[in-house]
Amino acid sequence: MPQFDLGVLGGGQLARMSIQAAQRMGLRCLALDPDPECCTSQLAPVIAGRLDDPEAIARLVSQCNRVTLENEFIPAWAIADAFALAQANPQRLMPGWDVLATIQDKLLQRQAYARYGAPTPRAVPLQGDGREAIEAIGFPMVLKARFGGYDGKGTRYARTPEEFEALRPQWQEGWLAEAFVPFRRELAAMVYRSPHVCGAFPTMETVQTNHVCDLVYPSGVDASEVAIAAVEAVGGYGLFGVEMFEQEDGSVLINETAPAQHGPLHPGLGRCQPVRDARAVGDGPALDRACGRRHLYGEPTRPAS
Ligand SMILES: Nc1ncnc2c1ncn2[C@@H]1O[C@H](COP(=O)(O)OP(=O)(O)O)[C@@H](O)[C@H]1O
Ligand SMILES: [Mg+2]
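My aim in this report is to walk through the structure given alongside it, one point at a time. Quantities reported herein were computed from a predicted structural model and do not represent experimental measurements.

## Focus: the overall build of the chain
For the chain, the helix and strand inventory stands at nine helices and 16 strands. For the chain, buried positions account for 42% of its 305 residues. Counted over contacts in the chain with a minimum sequence separation of 6, partners at least 24 positions apart contribute 59%.

## Concerning the sheet that holds strand 7 (residues 155–158)
The strand order across the open sheet built from four strands is 5-8-6-7, with neighbouring strands paired in antiparallel fashion. On the outer flanks of this sheet lie strand 5 (123–126) and strand 7, each paired with one strand and no other. Sheet twist, expressed as the mean angle between neighbouring strand axes with direction ignored, is 30°. One ladder, built from five bridges, connects strand 6 (residues 141–145) with strand 8 (residues 175–179); its direction is antiparallel. Paired with leucine 143 across the two strands is alanine 177, which belongs to strand 8.

## Regarding the nonpolar core
Ranked by internal contacts, the top residues of the largest apolar core, which has 65 residues, are Ala189, Ala227, Ala230, Val242 and Met244. Looking at this core element by element, the count peaks at seven residues for helix 8 (residues 224–233). Summarising the domain contributions, this core has at least three residues from each of domain 1 (4–93) and domain 3 (185–295). Excluding residues that lie within four positions of it along the chain, alanine 230 makes contacts with Tyr113, Ala118, Val242, Ile254 and Thr257. Leu107, Ala123, Met141 and Trp171 belong to the second largest nonpolar core, which has 13 residues in total.

## A look at unusual backbone geometry
Here the residue pair methionine 94 and proline 95 is connected by a cis peptide bond, since its omega of -10° sits within 30 degrees of zero. Residue placement: proline 95 occurs in the loop between helix 3 (76–86) and helix 4 (97–104). At the junction of phenylalanine 139 and proline 140, the peptide bond is cis and its omega measures out at -5° in the coordinates. If you trace the backbone, proline 140 turns up in the loop between helix 6 (131–137) and strand 6. Of note, glutamine 87 is a non-glycine position whose phi angle comes to about 50°, a positive value.

## Notes on the site of ligand 1
In the vicinity of ligand 1, 18 residues are found, and the nearest of them are Val142, Gly149, Gly152, Phe180 and Val181. Elements that contribute at least two residues to the shell around ligand 1 include exactly strand 6 and strand 14 (252–258). A breakdown of the residues in the shell around ligand 1 according to their chemical character gives five nonpolar, six polar and seven charged. Lining the shell around ligand 1 are residues from two domains, each supplying at least three of them: domain 2 (122–179) and domain 3 (185–295).

## Let's talk about the pairing of strand 13 (residues 238–246)
Where burial is concerned, most of strand 13 is hidden: nine out of the nine residues are buried. By the bridge criterion, nine bridges tie strand 9 (residues 185–193) to strand 13 in an arrangement that is antiparallel. Within strand 13, the position partnered with methionine 190 by the bridge is glycine 241. Pairing between strand 13 and strand 14: six bridges, direction antiparallel. Across the sheet, residue glutamate 246 finds its bridge partner in strand 14, namely valine 252. Between strand 13 and strand 14, which follow one another and run antiparallel, lie five residues, and glycine 250 among them has a positive phi close to 90°.

Basis of the calculations
- Residues numbered from 1 in each chain as written.
- Chains lettered and ligands numbered in written order.
- Predicted model: local features only at pLDDT ≥ 70, side-chain atom pairs only at ≥ 80, totals over all residues.
- Helix = DSSP H or I, 4+ residues; strand = E, 2+ residues; numbered from the N terminus.
- Buried ≥ 20, exposed ≤ 12 C-beta atoms within 10 Å, placed from the backbone.
- Contact = placed C-beta atoms within 7 Å.
- Pairing = 2+ DSSP bridges.
- Axes fitted to C-alpha atoms, helices over the stretch in contact; angles between N-to-C directions.
- Core = buried A, V, L, I, M, F, W, Y, C linked by C-beta atoms within 7 Å.
- Domains from an automatic or database assignment.
- Near = placed C-beta within 6 Å.
- Nonpolar A, V, L, I, M, F, W, Y, C, P; charged D, E, K, R; others polar.

Structure, rendered in structure tokens:
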């Protein structure tokens, strides 16, 4: 019998928040992180090991009834290998590695939404001289790395053929081209889904500065239907952060899904700290916006040793 109820791959702030919630429900938790003194270690035992090392992951898997992950970058293949090594039932992993493999490739993700009939910008692979992509998508166009992008690090804009040419040295096979969405706002919602229950937390407005989520507000709209469709489209069970675009006419398109806790959407802890603005005095939208949070970045702090 596994000794722990829940194993989390990753021991950073998001794992810590999940583990705090699980412990309040009486669950015994274990984490895996390269840093044995990661912030989760203050709350729960941590196995020190790399998150792309199947043997290290297998050590956690063999001790836990359920396994989940802290972020979307832990390679699906490494988790699959670990389950094989531990001879563990794949159903103990949430989300499953097939779902992770789809989400980890931004093109497969878009294709899954399109197949399911969920609203999303059109996307095609960026190949050869790029002419096929230009014909399929036109301008303005967004160029994206299919794998490993975050905080806009794999995102470029080409408004004209000239800009597309100028970006040529920056993309290679393994990028995609998609339609630029002239969105009114960006929205996001956390979705939970199991075979028995499915729902979404309130839809938030997120404001990105230089592609990095900076401010989060209650949005005043409910985009749960689209957010849940995104998770159904990839066949996901577990917890997901879904990013969306709200267009001028109020319709919503899916941008992308993270198969894990989503930093900017998580209230109150870690680097996401509540902001109470003096402008709070007021009502309606003014008050709503005053309840926003600023997403704070910085080096993690440790007590001096
Ligand atoms: N198709 C698009 N049209 C307009 N803006 C986009 C589009 N795709 C991405 N962006 C902008 O770039 C940001 C980062 O892109 P995203 O696909 O979310 O990648 P990342 O993995 O870096 O978060 C988005 O939050 C949005 O502001
Ligand atoms: Mg994003």
